[in-house]
Amino acid sequence: MQVELARCQWRSPAKGCAAIPGDGPEAAEASVEAVRLFRRFNGHRAPVLLDYIHGGLRATRGAAVSVARYQPAAGKVIYSGVGNVAGVISANGELRRMVSMPGTAGHNVRKIQAFD
C-alpha cells in the first residue's frame, strides 16, 4: 500500500505536503501514522513537523518522509526530507530538485534540516 499526499494545491499560505512510499502491511501502518501526525502537527515549520513525524513513527517500521511548505509572500518553498524521497519544483519550464537527508523516519535520522 502507498499513501501519498504529495499532490497538493498551493492555494493557501503555509500549506504542507508529505509523501510516504512503501509496500506491505508494515509500510501501510507507518504511512497511516505519518499522515495522522502530519495532520495533527501541520501548523509547524517543515523541519519541526518532520521531527514530530520521526518521533511518532518509532513504534513502526519507519518510512521515508518529506514535508514542504509554500510561502507565497516570500515566493519560496521550504523543504525537509528524510530517506529515499525527493521533491521537485517545476516552474516556467525549469526543474529545481530538493534533497532529503539520509535515514529512516522513526529509526535513524542524524539530522533534520530544511532547504529553501
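Residues numbered from 1 in each chain as written. Predicted model: local features only at pLDDT ≥ 70, side-chain atom pairs only at ≥ 80, totals over all residues. Heavy atoms only, no water.

(A) Up close: the pattern of salt bridges. Applying the stated criterion across every chain yields a total of 2 salt bridges. In this structure, Arg36 engages Glu33 in a salt bridge whose closest nitrogen and oxygen atoms are separated by 2.7 Å. Of the two residues, Arg36 and Glu33 both sit in helix α1 (residues 25-40), 3 residues apart, roughly one turn of that helix. Taking the shortest distance from any N to any O, the salt bridge between Lys76 and Asp116 comes out at 3.1 Å. (Salt bridge = Lys/Arg side-chain N within 4 Å of Asp/Glu carboxyl O. Helix = DSSP H or I, 4+ residues; strand = E, 2+ residues; numbered from the N terminus.)

(B) Looking closely at α1. A rise of 1.5 Å per residue sets the reference length of α1, with its 16 residues, at 22 Å; its end C-alpha atoms lie 23 Å apart and thus fit the reference within 8%. Among all positions in α1, only Ala27, Ala28, Ala30, Ser31, Ala34, Val35, Leu37 and Phe38 are buried. (Expected span 1.5 Å × (residues − 1). Buried < 20%, exposed > 50% of the residue type's maximum accessible area, 1.4 Å probe, protein only.)

(C) Representation of the environment of Leu49 within the structure. Of note, Leu49 is situated in helix α2 (residues 46-56). Classification of Leu49 as buried rests on a relative accessible area of 0%. Here the alpha-carbon distance between Leu49 and Arg39, two residues 10 residues apart in the chain, equals 9.7 Å. Sequence-distant contacts of Leu49, that is, excluding residues within four places in its chain, are made with Leu37, Phe38, Phe41, Asn42, His44, Val67 and Arg69. (Contact = heavy atoms within 4.5 Å.)

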